[in-house]
Amino acid sequence: MNLKHLLIANRGEIAIRIARSAAEANLHSHAIYSEDDAQSDHVTKADAAHRLTGTGPAAYLDAAQIIDVAREANCDAIHPGYGFLSENASFARSCETAGLLFVGPTPAVLEAFGDKGRARALAEQSEVPVLPG
């Protein structure tokens, strides 16, 4: 896949760092921002910025809206940063379904490690040392 446009599905310092890394990789970065984050630094640090409908964290958790913005902006990939949708297997799967690369673990890995019991069992099965507990 020849990546050219990366949507950053996060805000603040993490979004700024991802935009900087995207620039170093010759990718066009696309920031998103909630209605109340229009003046935030991450909005001006990306090559393009796209306003989300909604305020606060809820806007950054609206997976369908974020995927729509990425598609409308002709993005090839979505980088979730950390927090928000970064550990959401359903979001990662929705990105794949929409033809977007999810920059992070696969949905299967997110599902396996999202459950501590399953993660521990997988570690033991893979002979990774675990503490008794």
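If you're wondering where the values come from, they're calculated on a predicted model, not measured in any experiment.

Caption draft 1: Just the state of the cysteines, in detail. Counted by the stated rule, this structure contains 0 disulfides. Counting only cysteine sulfurs, Cys 95 is the nearest neighbor of Cys 75, a cysteine outside any disulfide, at a range of 11 Å. Given a relative accessible area of 8%, Cys 75 falls into the buried group.

Caption draft 2: Molecular detail of the packing of aromatic side chains. Considering all chains together, one arrives at 2 aromatic pairs under this definition. On the basis of an interplanar angle of 80° and a centroid distance of 5.9 Å, the ring pair of Phe 91 and Phe 102 is categorised as edge-to-face. Remark: Phe 102 occurs in strand β5 (residues 101–102) and Phe 91 occurs in helix α5 (residues 89–97); sequence separation between them is 11 residues.

Caption draft 3: Just the environment of Pro 57, in detail. Relative to the elements of secondary structure, Pro 57 occurs in helix α3 (residues 56–60). The sequence separation of Pro 57 and Phe 84 amounts to 27 residues, and the corresponding C-alpha distance is 7.7 Å. Ignoring anything within four residues of it in the chain, the contact list for Pro 57 reads Arg 11 and Phe 84.

Caption draft 4: Expanded view of the sheet that holds strand β1 (residues 5–8). Here 5 strands make up an open sheet; going across it, the order is β3-β2-β1-β4-β5 and the pairing parallel. If you trace the sheet from one side to the other, it starts and ends with β3 (48–51) and β5, each paired once. Pairing analysis gives 3 bridges linking β1 to strand β4 (residues 77–79), with the strands arranged parallel. The residue of β4 that forms the bridge with Ile 8 is His 79. In this fold helix α1 (residues 12–24) packs onto β1, β2 (28–33) and β4, with an angle of close to 170° to the strand it touches most, β1.

Caption draft 5: Molecular detail of the pairing of β2. Among the 6 residues that make up β2, 5 are buried, leaving the element largely enclosed by the rest of the structure. As paired elements, β1 and β2 share 4 bridges and run parallel to each other. Looking at β2, one finds that Ile 8 is bridged to Ala 31. With respect to chirality, the unit in which β1 leads through α1 into the neighbouring parallel β2 is right-handed. Pairing of β2 with β3 involves 4 bridges; the strand directions are parallel. Within β3, the residue paired with Tyr 33 across the bridge is Arg 51.

The rules behind each value
Residues numbered from 1 in each chain as written. Predicted model: local features only at pLDDT ≥ 70, side-chain atom pairs only at ≥ 80, totals over all residues. Heavy atoms only, no water. Disulfide = S-S within 2.5 Å. Buried < 20%, exposed > 50% of the residue type's maximum accessible area, 1.4 Å probe, protein only. Phe/Tyr/Trp six-rings, centres within 6.5 Å; stacked < 30°, edge-to-face > 60°. Helix = DSSP H or I, 4+ residues; strand = E, 2+ residues; numbered from the N terminus. Contact = heavy atoms within 4.5 Å. Pairing = 2+ DSSP bridges. Axes fitted to C-alpha atoms, helices over the stretch in contact; angles between N-to-C directions. Right-handed = clockwise from strand over helix to strand, strands pointing away.

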